[in-house]
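Structural overview
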Amino acid sequence: MTRFRRYVALGDSLTEGMCDPAQEGSEHAWRGWADRLADALGARAAAAGEDFDYANLAIRGRLLTEIITEQVPVALDLGPDLVSLVGGGNDVLRAGVDLDALAAALEDAVARLRATGATVLMGTAYDPREAPLIKRARGLAGVFTAHVWTIARRHDAHVIDLWGMQALRDRRMWAPDRIHLTADGHRRVAAQALDVLGIGGEEGWHVPLPAAPPRGRQEAWREDALWVREHVVPWVGRRIRGRSSGDGLPPKRPDPAPVGRTRTGL
């Protein structure tokens, strides 16, 4: 079984871990699936008496081309044996996106990472069919997901199948902004990543939650109105101004450092 010594995570807000609160006293406000994966890998390495370190270069709001141009070269310099390259969610929400060009850039990045001998972990888009407004981008998300699977097959990369995770179709897996996962959502993604890498994560990550009580029409209307006011309007405002939620922010964890020696579970 493969043992990893250095993991570098690349991406946007998903990999930054937004809406999964970190423990009190942590350097970053959010934990997230990549931190959870790193903790599990670090604990496994420590149990075997081996060294392990982790860097996370993700920044919220980044487009896939920005991840590729800004983060991939840094990852190559760090010399990891495991790299996660998960992005594209911000791209499929933009009108006029050229998914074929995006896929070509992604494939080139994956090829460069694989040429170093590193294991590469990719991620599909979510299936937004249950998401208000965002479900209009379902066709684009589906095409991008097909590209991810094709690239992974060509370059012997691994894939976190976010599209196929039925549990993520439950609104309780999503934070109030309906864009980012809750702690349970991040935990399940990390568990799938461990399974995909052949290590084995927590059981049942793919099992949907028990059925939720139905919402009344008025309750749903109030929740939707609050969501539009607190999250959609600010997002549209940033788009109009050409701004991103990650403007001016540094990478989450730019320097590789040990993790996972005291954590148990995801």
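Residues numbered from 1 in each chain as written. Predicted model: local features only at pLDDT ≥ 70, side-chain atom pairs only at ≥ 80, totals over all residues. Heavy atoms only, no water.

Two numbers describe a pair of packed helices, the interaxial angle and the distance between the axes. At a minimum axis distance of 8 Å, the contact between helix H2 (residues 33-47) and helix H6 (residues 183-196) shows a crossing angle of 50 degrees. Relative to H6, H2 is oriented oblique. Judged by the sense of rotation from one axis to the other, the crossing of H2 with H6 is right-handed. In this structure, H2 uses Trp 33, Arg 36, Leu 37, Ala 40 and Leu 41 to contact H6, whose residues at the interface are Ala 183, His 186, Arg 187, Val 189, Ala 190, Ala 193 and Leu 194. Classifying every residue of the contact of H2 with H6 gives 9 nonpolar, 1 polar and 2 charged. (Axes fitted to C-alpha atoms, helices over the stretch in contact; angles between N-to-C directions. Helix = DSSP H or I, 4+ residues; strand = E, 2+ residues; numbered from the N terminus. Parallel < 35°, antiparallel > 145°, perpendicular 65-115°, else oblique. Left-handed = near helix turned anticlockwise from the far one by under 90°. Contact = heavy atoms within 4.5 Å. Nonpolar A, V, L, I, M, F, W, Y, C, P; charged D, E, K, R; others polar.)

A few words on the pattern of salt bridges. Applying the stated rule across the entire model yields 15 salt bridges. Among the salt bridges present, the one from Asp 39 reaches Arg 31, with a minimum N-O distance of 3.0 Å. The two residues Asp 39 and Arg 31 agree in class, both being buried. Arg 187 is the salt-bridge partner of Asp 184, the closest N and O atoms lying 2.5 Å from each other. Taken together, the residues span about one helical turn, with Asp 184 and Arg 187 both in helix H6 at a distance of 3 residues. (Salt bridge = Lys/Arg side-chain N within 4 Å of Asp/Glu carboxyl O. Buried < 20%, exposed > 50% of the residue type's maximum accessible area, 1.4 Å probe, protein only.)

The next point concerns H6. Taking 1.5 Å of rise per residue, the 14 residues of H6 would be expected to cover 20 Å, and the 20 Å separating its terminal C-alpha atoms lies within 8% of that figure. Looking at H6, one finds that the buried residues are Gly 185, His 186, Arg 188, Val 189, Ala 190, Ala 191, Gln 192, Ala 193 and Leu 194. Buried residues belonging to H6 abut helix H1 (13-16), H2, strand E4 (119-123) and strand E5 (158-160). Just downstream of H6 lies Gly 198, where phi reads positive at about 80 degrees. (Expected span 1.5 Å × (residues − 1).)

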